[in-house]
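Residues per chain are reported as follows:
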Amino acid sequence: MEAYMERLGKRSVRAIVVAAAATLAITGCSGQSLEGSGDKTDATGEQITLKVAFWGDMGLDKLKAAYEKDHPNVKIVLNSGEYNAQHEDLQKKLVAGNGAADISAVDEGFIVQFRSQADKFVNYLDKGGAEFEPKYLPWKWAQSLSPDGKQIGLGTDVGGLAMCYRSDLFKKAGLPTERDAVSKLWSSWDEFIEVGKTYTAKTGKKFVDSGTNMFNPVLAQQPVGFYNEQDQLQMEGGPKVAFDAAMKAINADISADLASFQPNWDQGFKKDQFAVLACPAWMLGHIQDTAPDQKGKWDIAAIPGGGGNWGGSWWTVPAQGKNTDAAVEFVKWMVQPAQQIEVFKTVGNLPSQPALYKDPAVLDYKKEFMSNAPTGQIFAATAENLKPQYLGKKNGPTRVAVENVIRRVQEGSLKPEAAWAEAIKEAEKASKA
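The rules we used
Residues numbered from 1 in each chain as written. Predicted model: local features only at pLDDT ≥ 70, side-chain atom pairs only at ≥ 80, totals over all residues. Heavy atoms only, no water. Pairing = 2+ DSSP bridges. Helix = DSSP H or I, 4+ residues; strand = E, 2+ residues; numbered from the N terminus. Axes fitted to C-alpha atoms, helices over the stretch in contact; angles between N-to-C directions. Contact = heavy atoms within 4.5 Å. Parallel < 35°, antiparallel > 145°, perpendicular 65-115°, else oblique. Left-handed = near helix turned anticlockwise from the far one by under 90°. Nonpolar A, V, L, I, M, F, W, Y, C, P; charged D, E, K, R; others polar. Buried < 20%, exposed > 50% of the residue type's maximum accessible area, 1.4 Å probe, protein only. Arc of directions from axis to C-beta. Core = buried A, V, L, I, M, F, W, Y, C linked by side-chain atoms within 4.5 Å.

1. A short note on the sheet that holds strand S8 (residues 298-301)
Overall, antiparallel pairing links the 3 strands, which are arranged S7-S6-S8 in an open sheet. Each of the sheet's edge strands pairs with one partner strand only, and the pair in question is strand S7 (276-278) and S8. If you compare each strand with its neighbour and ignore which way they point, the axes differ by 25° on average. Against the sheet, helix H13 (residues 283-290) engages strand S6 (163-166), S7 and S8, with an angle of about 145° to S7.

So this is what it looks like as structure tokens:
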């Protein structure tokens, strides 16, 4: 464990959370059940339905049941869809002026795009939301704040990076299985690819799930992503480094070439088609939900390259909804400490409120499914080290465009030597759309 934590500290910036946590102390969370939110119903008892749009597993099932029990006049309808499709659908509904969910999750890759349309969302600062500002990591609060000072989102989680791996498959390949020893195998992505070659040669199976899941974590570690803070496309910087890493993995024939969050990716978990994948905290829930019979076969090591943030979301309330006040109250309840800790324990999503990193319920938590890995320590440390990347208004569509190019290489419909030029062309197209 000591070697793991030492690796987490490399190339990282530590001061952010310490300063933020000093402004706040939340105690007693470890012994709490899900917190109530005051009145059981509103004054009229009017029946209200709140539709919540998100992707993956955000730990909402227990929250839904608890909230509905305390609010019998409120029905929560959960709509989990594909990541890109949910964001695209939200944009379409905002343009149309109707049809959006009452509450929509927005990921870090799309938050700049939506905060530039702040007039289409409820401003939490008009609903008493200012009380939450000192509770959040300063950069997390700022990321959903519009240029004219409107707060469109309350943060759910952050996505500090680690590497999940199948210890049983590593053992079959003659590789180390303990998390500290595995962490020492790869200080760089080139070393990671070499380990992948060894694994594939010994087992005849692929090592990593996909080229895109090489591209995204490597990109997250770069000082500048697709866009600088003037929203100018910067393909020759971080994107080129990440693209080259993805191409190396594909050319080394260690990628299973599975598209994330698609049915064949989920089957890849179940059929042992890969042994590792980049693992922000929120990925733990997906692994557990997808392959529940693999309990105790997964573990967590350090990520090559050190640091980085991939993902982390916000709850937004589109202004077009008919029940915006009720939606805001539900969101405020969801981001309270007890609910955030429950989600962390259930699916692994690490809260974006730093005082919770000191709470024993988080800090001492070990994920039984992940071989009792001390996920509280691992991901709290990654959050403390984060230096977030500016992502740009068109980051989401641009990332999708470049991912699609990588997938074409994986499928064999695009030659690797032509791929970078194609990625630039598609990224430029997305940046101007």
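So much for the structure itself; the text now carries on.
2. Some points on the packing of helix H11 (residues 238-251) against helix H18 (residues 395-411)
Running from amino to carboxyl end, H11 crosses H18 at an angle of 20°, the nearest separation of the two axes being 11 Å. When the axis of H11 is compared with that of H18, the two are roughly parallel. Between H11 and H18 lies a crossing whose hand is right-handed. Here Phe243, Ala246, Met247 and Ile250 of H11 come into contact with H18, specifically with Val402, Val405, Ile406, Val409 and Gln410. Split by residue class, the contact of H11 with H18 holds 8 nonpolar, 1 polar and no charged.

3. So, the sheet that holds strand S4 (residues 154-155)
Taking strand neighbours across the sheet as the criterion, the 5 strands line up as S2-S1-S3-S9-S4 in an open arrangement whose pairing is mixed. In this open sheet, the two edge strands, each paired with only one partner strand, are strand S2 (74-81) and S4. Sheet analysis places S4 next to strand S9 (residues 313-316), joined by 2 bridges and oriented antiparallel. Along S9, the bridge assignment pairs Gly155 with Trp314. Here helix H3 (residues 60-70) sits on the sheet and contacts strand S1 (48-55), S2 and S9; the angle it forms with S2, its principal contact strand, is near 170°. Packed onto the sheet, helix H4 (residues 83-96) meets S1, S2 and strand S3 (103-107) and runs at close to 120° relative to S3.

4. Description of helix H12 (residues 263-270)
For H12, the set of buried residues is Trp265, Gly268 and Phe269. Along H12, the residues classed as buried sweep out an arc of 100° about the axis, all on the same side. Buried-residue contacts for H12 involve S6, helix H10 (212-220), S7, H13 and S8. Asp272 lies just past H12 and shows a positive phi near 60°.

5. Looking at the nonpolar core
If you look at soluble globular proteins, the nonpolar side chains tend to sit buried side by side. Counting residues in hydrophobic clusters, the biggest one holds 84 residues, and the most contacted among them are Trp186, Phe207 and Phe243. Here this core gets 7 residues from one element, more than from any other, and that element is H11.

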